[in-house]
Amino acid sequence: MTAQVAKLRQPSRDKILDCAESLFARRGFAGIGLAEVAESVGLGKSSLFHHFRSKAQLYAAVVARILSRIEVRLMRKLAAGGTPTERLDRWIDEIIDIFAERPAYARLLLRSLFEDDELAGELPEEQEANESLQRITGAGVLLLKEGMETGAFRPASVGHTLQTLIGATVYHFASGEFGDEIIGRPLLSGSEVRRRKAEVRALLHHGLFAAPDTARSGGPR
């Protein structure tokens, strides 16, 4: 076997991240060891070290990849233009589609909020994840402020509104069987994904968006 063929047969970095993503989403940072990840992708633990020197680095790389992929798709939707209402509707539809396609994303992102203490914040992968998250939330803040300043949205707390939107999307798809029980149907079925878009839109249109005849006064708080 030539060196080139052997290299091609080695699990790629993305395959390692795919396996780690699934494992971390199910059992969290503390519940997974590097040996288990290595076994899942057909590597020895020492070989895995060639890609990732620690579990913290691997975990941070998984989260960074998720946030980077989400960022690309959300920014594309914003770049399509339109009114603040149209852009926010598209944004919500897109994030719901992302989590419906990859529910592990929602579970892992929710876990990462309280597993952050396991990471020192010094790894390049952690910085990459934080930068992606800041760009995503920053774009959301700017969109909400624009909508409030132009009168498309009623004056409200930008921070609280953003928190509500994150909870309405991330938590919903991270809730798994508990969510299925509350809804009474599988969350990931096509009909329930469409229903979730409609429900979140209705929440926004009745709770955040200003009525057409509302006076354009006030601003974001």
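You'll find the structure just up there.
Each value, and the rule that gives it
- Once a new chain begins, its residue numbering starts again from 1 and follows that chain's sequence as written.
- Local features in a predicted model are, by the rule used here, given only for residues with pLDDT of at least 70; side-chain atom pairs are given and counted only at 80 or more, and totals for whole chains, interfaces and linings are based on all residues.
- With hydrogens and water excluded, all non-hydrogen atoms of the structure serve as input to the side-chain values.
- Secondary structure elements follow DSSP: runs of H or I no shorter than four residues count as helices, runs of E no shorter than two count as strands, and numbering proceeds from the N terminus.
- Expected helix span is computed as 1.5 Å times (number of residues minus one).
- Only protein chains enter the accessibility calculation, which uses a 1.4 Å probe; a residue is then buried when its area is under 20% of its type maximum, exposed when over 50%, and partly exposed in between.
- Any two residues whose heavy atoms approach within 4.5 Å are treated as being in contact.
- By convention a nonpolar core is built from buried Ala, Val, Leu, Ile, Met, Phe, Trp, Tyr and Cys residues, the set being connected through side-chain atoms within 4.5 Å.
- Axes here mean lines fitted to C-alpha atoms, for a helix over just the part in contact, with angles spanning 0 to 180 degrees between N-to-C directions.
- Should an angle fall under 35 degrees it is taken as roughly parallel, and over 145 as roughly antiparallel, whereas 65 to 115 is taken as roughly perpendicular and any remaining angle as oblique.
- A clockwise turn of the near helix away from the far one marks a right-handed crossing, whereas an anticlockwise turn of less than a right angle marks a left-handed crossing.
- Under this grouping Gly is polar, as are all residues other than the nonpolar Ala, Val, Leu, Ile, Met, Phe, Trp, Tyr, Cys and Pro and the charged Asp, Glu, Lys and Arg.

Enquirer: Would you explain helix 7 (residues 103-115) in this entry?
Expert: What sets the pattern is the α-helix's 3.6 residues per turn: residues three or four places apart point alike. Its 13 residues give helix 7 an end-to-end C-alpha distance of 18 Å, which sits within 8% of 18 Å, the value for a rise of 1.5 Å per residue. If you check which residues of helix 7 are buried, you get Pro-103, Ala-104, Tyr-105, Ala-106, Leu-108, Leu-109, Ser-112 and Glu-115. Buried positions along helix 7 lie against helix 2 (13-27), helix 5 (55-79), helix 6 (84-101) and helix 9 (158-174).

Enquirer: Teacher, can you tell me more about the nonpolar core here?
Expert: Note that soluble globular proteins tend to have their nonpolar side chains buried in a common cluster. The biggest cluster of nonpolar side chains holds 63 residues, and the ones touching the most others in it are Leu-58, Ile-70, Leu-88, Phe-99 and Leu-208. Those elements that place two or more of their residues in this core are helix 2, helix 3 (34-40), helix 5, helix 6, helix 7, helix 8 (124-150), helix 9 and helix 11 (190-207). Examining the composition of this core, we find that 13 residues originate from one element, helix 5, more than from any other. With sequence-adjacent residues up to four places away left out, Phe-99 is seen in contact with Ile-70, Tyr-105, Ala-106, Leu-109, Thr-169, Val-170, Phe-173 and Leu-188.

Enquirer: Explain the packing of helix 6 against helix 9 to me, please; I cannot follow it from the model alone.
Expert: Helix-helix packing is characterised by the crossing angle of the two axes and by the distance between the axes. The N-to-C vectors of helix 6 and helix 9 enclose an angle of 20 degrees; their axes lie 9 Å apart at closest approach. Between helix 6 and helix 9, the angle falls in the class roughly parallel. Handedness of the helix 6/helix 9 crossing: right-handed. Residue-level inspection shows Leu-88, Ile-92, Ile-95, Ile-96, Phe-99 and Ala-100 of helix 6 in contact with helix 9, the latter providing Leu-165, Thr-169, Val-170 and Phe-173. Broken down by class, the residue content of the contact of helix 6 with helix 9 amounts to 9 nonpolar, 1 polar and no charged.

Enquirer: Where do I start with helix 8 in this structure?
Expert: Relative to the 39 Å expected for 27 residues at 1.5 Å per residue, helix 8 spans 39 Å between its end C-alpha atoms, a close match to the ideal helical length. Turning to helix 8, its buried residues are Glu-125, Glu-126, Ala-129, Ser-132, Ile-136, Ala-139, Gly-140, Leu-143, Leu-144, Gly-147 and Met-148. In the core, the buried residues of helix 8 are packed alongside helix 2, helix 5, helix 6 and helix 9. Downstream of helix 8 by one or two residues, Gly-151 has phi in the positive range, about 85 degrees.

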